[in-house]
Every structure is written in C-alpha cells, then in structure tokens.
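Structural description and commentary
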Amino acid sequence: MTDNRPARILGIESSCDETAAAVIENGSLLLANSVATQIELHKKYGGVFPEVASRQHILSVYPIIEETLQKAHLSWDDIDAVAATRGPGLAGSLVVGFNAAKGISLARNLPLIGVNHLEGHIYSAWVKPETADHFSPPQFPVMALLVSGGHTELNLMEDHLSYRRLGATLDDAAGEAFDKVARLLGLAYPGGPSIQKAAELGNSTAFNFPRARLEGGWDFSFSGLKTAVLRMIKKLEEESREIPVADLAASFQAAVVDVLVSKTLAAARHFNVKEIVVAGGVSANKALRTAFTGQGEFPVHIPPLYLCTDNAAMIASAGYYRFIAGKIDSLDMDVLPNWPLS
Ligand code: KG4
Ligand code: ZN
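Residues numbered from 1 in each chain as written. Chains lettered and ligands numbered in written order. Predicted model: local features only at pLDDT ≥ 70, side-chain atom pairs only at ≥ 80, totals over all residues. Heavy atoms only, no water.

**Considering the pairing of strand S7 (residues 152–157)**
- For S7, a buried count of six out of six residues is recorded, marking the element as mostly surrounded by other parts of the structure.
- By the alternation rule, side chains of S7 split into Thr152, Leu154 and Leu156 and Glu153, Asn155 and Met157, which are all buried.
- Counting the residues in the hairpin turn of strand S6 (residues 142–147) and S7 gives four residues.
- In textbook terms, the turn of a hairpin is the stretch between consecutive antiparallel strands, and for S7 and strand S8 (residues 164–168) this stretch comprises six residues, one of which, Leu161, has a positive phi near 60 degrees. (Buried < 20%, exposed > 50% of the residue type's maximum accessible area, 1.4 Å probe, protein only. Helix = DSSP H or I, 4+ residues; strand = E, 2+ residues; numbered from the N terminus. Pairing = 2+ DSSP bridges.)

Now the structure itself:
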C-alpha cells in the first residue's frame, strides 16, 4: 500500500451461483461491483446444480475481474490485496474463485485474504451504497442477524472481526425454508423472491402458521413451519379445494418475518447493543425490511438489494478489515466448504 492513498481491495466471490468481483476503498467505498448471475442456468433444475455452477464460474471468473478493474478505471498497480471467499459454500464453486485469487496473489505479488462468506454478508452493512449521499457505518456493539440460503444466525459483534454466535437454526435456514415452500407451492426458483411476489396479492393472516419461538435461547427452527404449510396444502387437496397460493405465501412469509424480527430485537435488548445489522439473501425480503425499519427501538442497517444477495463488495469490505488487522493468509491455504463462523 502506498502511504498517500487509501487501501484498495479486490474481492472475489464464487461460493454458489454468482461469480462476482468488486473493488472497495477503505472498506466502504465501492469503486466497481460486478456480478455474473447463473440463476437462469439453474432454473430448469429447480435449484443450484453444483457441476454446472463450477463450470460457469470457470468461464466467468477472469472476465468479471477484468471488467471490474476496467469499470473502476484501475490497473493492477492500484490494488493492495486480493480477498476471496474461502467458505462455506459449494466446494467446486469456491475453488474457482479462490484459486483465481491465489493466482493473482502469486503473479502480482499481492497479499491473499481468505474471507468467510458469512462474515462477508455481515460486512455488506459496511459498504456505502452507491446512491447514498451520507453513510455512517454500524456502531458497535452490533447485533447481526444473518439470513441466507444456507445459514440463519445471530452474532454479537463487539468490534471488527469479532463474532459471538449466540444462536443459529436447528434445522432449515430461513432462505432454505423460502425455497422449499416455494417448491411446494409450485413457484419458481429462487423461492424467496417468488414467495415475496406471490405474497403481495395474499392475506398474511389467512393461515395462522406456527412460530417456533424457542424461548430461553437464541436459536431458530423453520422446518415445523415448512411442514405446516405442506400439511395445509395436502388437506386442501384432499378436500378438492383450490390452493390459495398467495394467501399461503403471505401467511408463511409473515411467520418467518415475525420470528426473525422478534428474536433479533429480544437479543438486541438483552445484550444492550447500539445497532442492528440484517444481512444475507433473505434480507432482500420486502416484508422483513419493512418490519425492521418500522420498529423504532434500534437503528438498523439493511444493505440495498444488490448487496443482500451474493456479491463481492461484501468480501472486499471484510477483506479490508482483515488486511488492516494484518490477517494475511498463505498461498497453501485451501477452501473450507463447511467452515463455521466462530
Ligand atoms: O445470501 P444468498 O444470496 O446466498 C447464500 O449465501 O445462501 O441467499 C440466497 C437465499 C435464497 O434462499 C433465496 O431464496 C433468498 O436468499 N432470498 C430471499 C429473497 N431474495 C433472496 N428470500 C426472501 N425474500 C427475498 N426477496
Ligand atoms: Zn450468501
């Protein structure tokens, strides 16, 4: 890093079905952000097909990095470190982005930083949205609710890079529940946006689905809710009644939102935090965003939609904080598909 300019990190993300690259300055200022999504490719399988994902990452990874540098009007000399998602995720997908980062690190003599995907999602709240005039980063202590396709957890952050995992889902992740229920309702993959769309025309109080509150702890559970939706569909089918897709979607969504918001607020109160961060793909959900922004108790940071789902800006931001903390990784480090956030 030169003394007279801010640190710039190139981030690379390829853990699932998006190949993404971004450059972030000082952990917050987005200089360029590119995502090559594979959603259309996987739609016909009703979910991510791992081998297809891996092959597409190979095709996309270098073009997307080149495109990102061009968009930022930067050359390799302007980059101080390369950060890439190390895990968790699909092994065959992770390895493509991570090996690209290793190659760049070796060829350009740049520090390599492995970033946990979940840590990355949380750091999306530190990225200044491109349209924001003013931006204040989250103030510690922070209660971070992470809701993605594979994970649902509450983390208490007292400082940068410090995570105390208070609780997590005991079965399905919130995004997984959205995806599974969407499939039950015959809605397209990915399920979250489809349920949200169907729910807009539905009545959220039409069905009183169960809320697993799991009192006395900070864990979540969504499989009972999914089963309740399945049972209701079966019952309606047996009675030869029409399936009210919109009402079922709206009632299911309301149950998920209710549990996520009430548990996060309870944890925020209990641990006396200053602010709340909500991140991960499910944080793109309109009903969840409205519920969090509508509570007047805590300031809440929810990234704009393009930073909620998988992207590399969040990886570059987390990479920056690891970089300034001197947490540089060695080239013989490997991907960790099941790497937990601890
Ligand atoms: O964070 P993400 O892009 O990938 C993982 O790290 O898993 O999250 C993907 C998940 C999927 O389950 C998807 O259905 C869900 O986020 N999702 C949503 C919405 N947009 C994406 N869930 C509810 N409402 C949405 N609008
Ligand atoms: Zn993700």
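**Some points on the domain arrangement of the protein**
- Split by domain assignment, the protein resolves into domain 1 (8–131 + 308–324) and domain 2 (142–302).
- Look at where the C-alpha atoms of domain 1 and domain 2 centre, and you get two points 27 Å apart.
- The interface of domain 1 with domain 2 comprises 21 residues on the first partner and 21 residues on the second.
- Taken together, the two surfaces of domain 1 and domain 2 that pack against each other cover about 1,700 Å², and 73% of this comes from carbon and sulfur.
- It is Leu118, Ile122 and Cys308 that lose the most area in domain 1 upon contact with domain 2, and together they represent 33% of the buried surface on that side.
- Counting across the interface, domain 1 meets domain 2 through zero salt bridges.
- Our count for the contact surface shared by domain 1 and domain 2 stands at six residue pairs in polar contact (both at pLDDT 80 or more).
- Those elements that place two or more of their residues in the side of domain 1 that touches domain 2 are helix H1 (39–43), helix H4 (117–123) and helix H11 (313–324).
- Looking at which element gives the most residues to the side of domain 1 that touches domain 2, the answer is H4, with five residues.
- The class makeup of the residues in the side of domain 1 that touches domain 2 is 11 nonpolar, six polar and four charged. (Domains from an automatic or database assignment. Contact = heavy atoms within 4.5 Å. Buried area = accessible area lost by both parts, 1.4 Å probe. Salt bridge = Lys/Arg side-chain N within 4 Å of Asp/Glu carboxyl O. Polar contact = N/O pair within 3.5 Å; in protein donor to acceptor, adjacent residues only side chain to side chain. Nonpolar A, V, L, I, M, F, W, Y, C, P; charged D, E, K, R; others polar.)

**Side note on the site of ligand 1**
- Close to ligand 1 lie 19 residues, the nearest being His121, Gly149, Asp179, Gln196 and Gly281.
- At 2.8 Å from an oxygen atom of ligand 1 is found a main-chain nitrogen or oxygen belonging to Gly149.
- Between ligand 1 and Asp179 there is a distance of 2.7 Å, counted from an oxygen atom to a side-chain nitrogen or oxygen.
- Surface burial for ligand 1 is 87%, taken as the share of its 560 Å² of free accessible area covered by protein chains. (Near = heavy atom within 4 Å. Areas by Shrake-Rupley, 256 points an atom, 1.4 Å probe, with all protein chains shown as cover.)

**Let's talk about the side chain of Gln253**
- Turning to its location among the elements, Gln253 is positioned in helix H8 (residues 245–270).
- Given a relative accessible area of 8%, Gln253 falls into the buried group.
- For Gln253, the residues in contact, after removing those within four places along its chain, are Phe178, Ile195, Gln196, Ala199, Asn285 and Ala287.

**Observations regarding unusual backbone geometry**
- For the bond running from Gly87 to Pro88, omega is -5 degrees, close enough to zero to count as cis.
- Of note, Pro88 is situated in the loop between strand S4 (81–87) and helix H3 (91–108).
- Notably, Leu161 is not glycine yet its phi reads approximately 60 degrees, a positive angle.
- Along the chain, the position of Leu161 falls in the loop between S7 and S8.
- A relative accessible area of 18% places Leu161 in the buried class.
- Phi angles above zero are rare outside glycine, and Leu214 is one such case at about 45 degrees.
- For Leu214, the position within the fold is in the loop between helix H6 (191–199) and helix H7 (223–238).
- The partly exposed category is assigned to Leu214, whose relative accessible area is 34%.

**Examining the sheet that holds S8**
- Spatially, S8-S7-S6-S9-S10 is the arrangement adopted by the five strands of the open sheet, whose pairing is mixed. With partners counted over all chains shown, the strands left at the sheet margins are S8 and strand S10 (300–301), one partner each.
- Bridge analysis of S7 against S8 gives four bridges, and the strand direction is antiparallel. Paired with Glu153 across the bridge in S8 is Ala168.
- In the packing of helix H9 (residues 286–294) onto the sheet, contacts are made with S6, strand S9 (275–279) and S10, and the angle to S9 comes to roughly 175 degrees. (Axes fitted to C-alpha atoms, helices over the stretch in contact; angles between N-to-C directions.)

**Thoughts on the sheet that holds strand S1 (residues 8–13)**
- Within the open sheet, the five strands sit side by side as S3-S2-S1-S4-S5. Their pairing is mixed. Where the open sheet ends on each side, the last strands, each with one partner, are strand S3 (29–37) and strand S5 (112–116). With direction set aside, neighbouring strand axes in the sheet form an average angle of 20 degrees.
- Taken together, the six bridges between S1 and strand S2 (residues 18–25) define a ladder with antiparallel strand orientation. Note on S2: the bridge partner recorded for Ile9 is Ile24.
- The sheet strands contacting helix H2 (residues 50–71) are S1, S2 and S3, and the helix crosses S2 at an angle near 25 degrees.
- Most of the contacts of H3 go to S4, to which it runs at about 155 degrees, and overall it touches S1, S4 and S5.

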